[in-house]
Amino acid sequence: MKNWIKRTLVALFGAGVLAGGLAACSHGRHHGGWDADASDHSEWHAKMVDRVGGKLDLNEAQKQKFASLVQKLHEQRQALVAGGADPRAEVQSLVAGSTFDKARAQKLIDEKIAAVQGKSPDVIAAMADFYDSLDLAQQQKVREFMQRGRGRHRHG
């Protein structure tokens, strides 16, 4: 295959992956997503803690650890969307000109990677703290829930 065809296919694939990833992230806009206020997040977090707490029969200490995990995940998500820019608009700006803005695309990726790396130690510690506080039956329920959730969001 000719070099220019390979480069074009790689560029199109990369742009598609980037656009798809950012578009998927922006899907939550109407479900407490990018433009939700703090009270919406707090209410949603409380409902999630209650729901998971009921399914796993969590005691109060475990619920607090789970609430801490939910908060750390929220903080990581906020770091990912920091800057207030609309992800769809960011991707559209990459193809606004006559050429794909590779430098801006790489900068976007680097920003997202840095955000994940910066918050990941807190998320990992909160997850470990929560999971390790569960008894064996509760841990098994978590594993079953994760296994059952595989493929849930597939279309077709």
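Please refer to the structure higher up on the page.
The rules behind each value
- Residues numbered from 1 in each chain as written.
- Predicted model: local features only at pLDDT ≥ 70, side-chain atom pairs only at ≥ 80, totals over all residues.
- Heavy atoms only, no water.
- Helix = DSSP H or I, 4+ residues; strand = E, 2+ residues; numbered from the N terminus.
- Buried < 20%, exposed > 50% of the residue type's maximum accessible area, 1.4 Å probe, protein only.
- Contact = heavy atoms within 4.5 Å.
- Areas by Shrake-Rupley, 256 points an atom, 1.4 Å probe, with all protein chains shown as cover.
- Axes fitted to C-alpha atoms, helices over the stretch in contact; angles between N-to-C directions.
- Parallel < 35°, antiparallel > 145°, perpendicular 65-115°, else oblique.
- Nonpolar A, V, L, I, M, F, W, Y, C, P; charged D, E, K, R; others polar.
- Salt bridge = Lys/Arg side-chain N within 4 Å of Asp/Glu carboxyl O.
- Expected span 1.5 Å × (residues − 1).
- Arc of directions from axis to C-beta.
- Polar contact = N/O pair within 3.5 Å; in protein donor to acceptor, adjacent residues only side chain to side chain.
- Core = buried A, V, L, I, M, F, W, Y, C linked by side-chain atoms within 4.5 Å.

(A) Main features of the overall build of the protein chain. Scanning the protein chain from N- to C-terminus turns up 6 helices and 0 strands. Taken from N to C terminus, the helices and strands of the protein chain fall in the order α-α-α-α-α-α. Residue burial in the protein chain is summarised as follows: out of 156 residues, 22% are buried. Sequence separation of at least 24 residues holds for 65% of the intrachain contacts in the protein chain that already meet a minimum separation of 6. For the protein chain, the exposed area adds up to about 11100 Å²; of that, 58% sits on carbon and sulfur atoms.

(B) Local environment of the packing of helix α3 (residues 60-80) against helix α5 (residues 102-133). Close contact between α3 and α5 brings their axes to 9 Å; oriented N to C, the two are set at 170 degrees. Classified by the angle their axes make, α3 and α5 are roughly antiparallel. Taken together, the residues of α5 that come into contact with α3 (itself represented by Gln 62, Lys 65, Phe 66, Ser 68, Leu 69, Lys 72, Leu 73, Glu 75, Gln 76, Ala 79 and Leu 80) are Lys 112, Ala 115, Val 116, Lys 119, Ser 120, Asp 122, Val 123, Ala 126, Met 127, Asp 129, Phe 130 and Ser 133. Taken together, the residues of the contact of α3 with α5 sort by class into 11 nonpolar, 5 polar and 7 charged.

(C) Inspection of unusual backbone geometry at higher detail. One non-glycine residue, Asp 57, lies in the positive phi region at around 55 degrees. Relative to the assigned elements, Asp 57 resides in the loop between α2 (38-56) and α3.

(D) Expanded view of the pattern of salt bridges. Per the counting criterion, the structure on display carries 8 salt bridges. Among the salt bridges present, the one from Lys 141 reaches Asp 57, with a minimum N-O distance of 3.3 Å. A residue pair is termed long-range when its members are at least 10 positions apart, and Lys 141 in helix α6 (residues 136-149) and Asp 57 in the loop between α2 and α3 qualify at 84 residues. Lys 141 gets classed as partly exposed once you look at its relative accessible area, which sits at 32%. Among the charged side chains, a salt-bridge network with shared partners connects Glu 90, Arg 104, Lys 107 and Glu 111.

(E) Looking closely at α3. Between its terminal C-alpha atoms α3 stretches 30 Å, which fits the 30 Å expected from 21 residues at 1.5 Å a residue. Among the residues of α3, those classed as buried are Gln 62, Phe 66, Leu 69, Val 70, His 74 and Gln 76. Buried residues of α3, seen end-on, are gathered within an arc of 160 degrees and therefore sit on one face of the element. Residues Glu 60 and Gln 64 are exposed on α3 and point more than 90 degrees away from its buried face. Measuring from the side-chain oxygen of the N-cap residue of α3 to the backbone nitrogen of Ala 61 gives 3.1 Å; that N-cap residue is Asn 59.

(F) Representation of the side chain of His 74. Mapped onto the fold, His 74 is located in helix α3. A relative accessible area of 14% means that His 74 is categorised as buried. When near neighbours in sequence (up to four residues on either side) are disregarded, His 74 contacts His 41 and His 45.

(G) Region of interest: the nonpolar core. In terms of nonpolar packing, the biggest core is built from 10 residues, these being Val 49, Leu 56, Leu 58, Phe 66, Leu 69, Val 70, Ala 126, Phe 130, Leu 134 and Val 142. Only α2, α3 and α5 provide two or more residues apiece to this core. Ranked by residues supplied to this core, first place goes to α3 with 3 residues. With near-sequence residues (within four places) excluded, Leu 58 lies in contact with Val 52, Gly 53, Lys 63, Phe 66, Phe 130, Leu 134 and Gln 138.

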